[in-house]
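Structural characterization, general
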Amino acid sequence: LPIWVLRISAMASNKSSSSDSVICQTASFFAVSICFSKITGMPIQIAKVREFKGHTQAIYTMCIGSEPGSFFSAGADGRIAEWSVEKTDGVLFAKPELPVYSLYVRENIMLSGTSTGQIIVFDIADRSMIKTLQFHHSAIFDINCFNNQFLVVHENGYFSVFDSAFNLLQDIRISQESLRKILIVGHHIYISGREGIIWKMNENYELTEQIKADDITEFSMALHDESNLLLTGGRSAKLKIWRNSEM
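Below: a short report on this structure. (Residues numbered from 1 in each chain as written. Predicted model: local features only at pLDDT ≥ 70, side-chain atom pairs only at ≥ 80, totals over all residues. Heavy atoms only, no water.)

**What about the overall build of the protein?**
Each helix and strand in the protein was counted, giving one helix and 22 strands. Counting across all 247 residues of the protein, residues that qualify as buried make up 44%. Contacts in the protein between residues far apart in sequence, at least 24 positions, make up 38% of those at least 6 positions apart. (Helix = DSSP H or I, 4+ residues; strand = E, 2+ residues; numbered from the N terminus. Buried < 20%, exposed > 50% of the residue type's maximum accessible area, 1.4 Å probe, protein only. Contact = heavy atoms within 4.5 Å.)

**Focus: the sheet that holds strand β15 (residues 168–173)**
What the four strands build is an open sheet, ordered β12-β13-β14-β15; its pairing is antiparallel. The open sheet has two edge strands with one neighbour each: β12 (140–146) and β15. Mean inter-strand twist for the sheet, computed between neighbouring axes without regard to direction, equals 15 degrees. As judged from the six bridges shared by β12 and strand β13 (residues 149–154), these two strands associate in the antiparallel manner. Paired with N144 across the strands is L151, a residue of β13. (Pairing = 2+ DSSP bridges. Axes fitted to C-alpha atoms, helices over the stretch in contact; angles between N-to-C directions.)

**What about the packing of aromatic side chains?**
Counted under the stated rule, the structure contains 13 aromatic pairs. Between the aromatic rings of F52 and W83, the centroid separation amounts to 5.4 Å while the plane-to-plane angle is 75 degrees, which identifies the pairing as edge-to-face. Placement of the pair is F52 in strand β3 (residues 44–52) and W83 in strand β6 (residues 80–84), with a sequence separation of 31 residues. Look at F52 and you get buried, because its relative accessible area is 0%. The ring of F141 is capped by R180, whose NZ or CZ atom sits 4.0 Å from the centre of that ring. (Phe/Tyr/Trp six-rings, centres within 6.5 Å; stacked < 30°, edge-to-face > 60°. Lys NZ or Arg CZ within 6 Å of the ring centre and 35° of its normal.)

**Observations concerning unusual backbone geometry**
For residues other than glycine, phi is negative in most cases, and the peptide bonds are mostly trans. Phi at E97 takes a positive value of approximately 70 degrees, unusual for a residue other than glycine. When you line up the elements, E97 lands in the loop between β7 (91–94) and β8 (100–106). The backbone phi angle of E107 is positive, close to 55 degrees, even though this residue is not glycine. Inspection of the secondary structure puts E107 in the loop between β8 and β9 (109–114).

That is the geometry; function is a separate question.
Pasting the structure below:
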């Protein structure tokens, strides 16, 4: 399955334009682009710049690499591929032999979350495996970092926190259903899940708010920095816009 690099140009009312390139893996990106156009009032143009092929099954996750212009991808074929935005030929970085649902890169370390709950830690420079962690035996759908601590959400509804030495610090069951996405906004942590709920935490990992965003799974969240708006989307095929102050 391919990965695309798209160039987006936003045309302001004074006819001046700005453009940027983004990497996307699904058609849902176009919905975000349309939403951006409605928020800003500026029409946009999208052009495919480059296409990357190599994965043999669905791509579940991508993340920016540690080197400028590099990124990683992984999915159902159990392979982690490394790419450069300037080249269409990728390199096999690792082969966990398990579906990989999440990737996270911090400096020279990569964490990958698998379908069986393993977190495989890699040294990017040495292209070697450092450690394998297992807190639960259910899929890991997202990994993030907050205050130098790693955050993980599991299919079984648990939210785990561990430090840079890979010691487990917190293991909290937030839901009886799966948790899907972590979003960091300032000193707050947002977590979405299968119930269509978004949970809000403070910097001490205490739940402070519960927002009913939809009736079914919320797969993704994103912050539009300039407008300070949050975007949420999921299985209902609805993209919702929230003011940050409302959440």
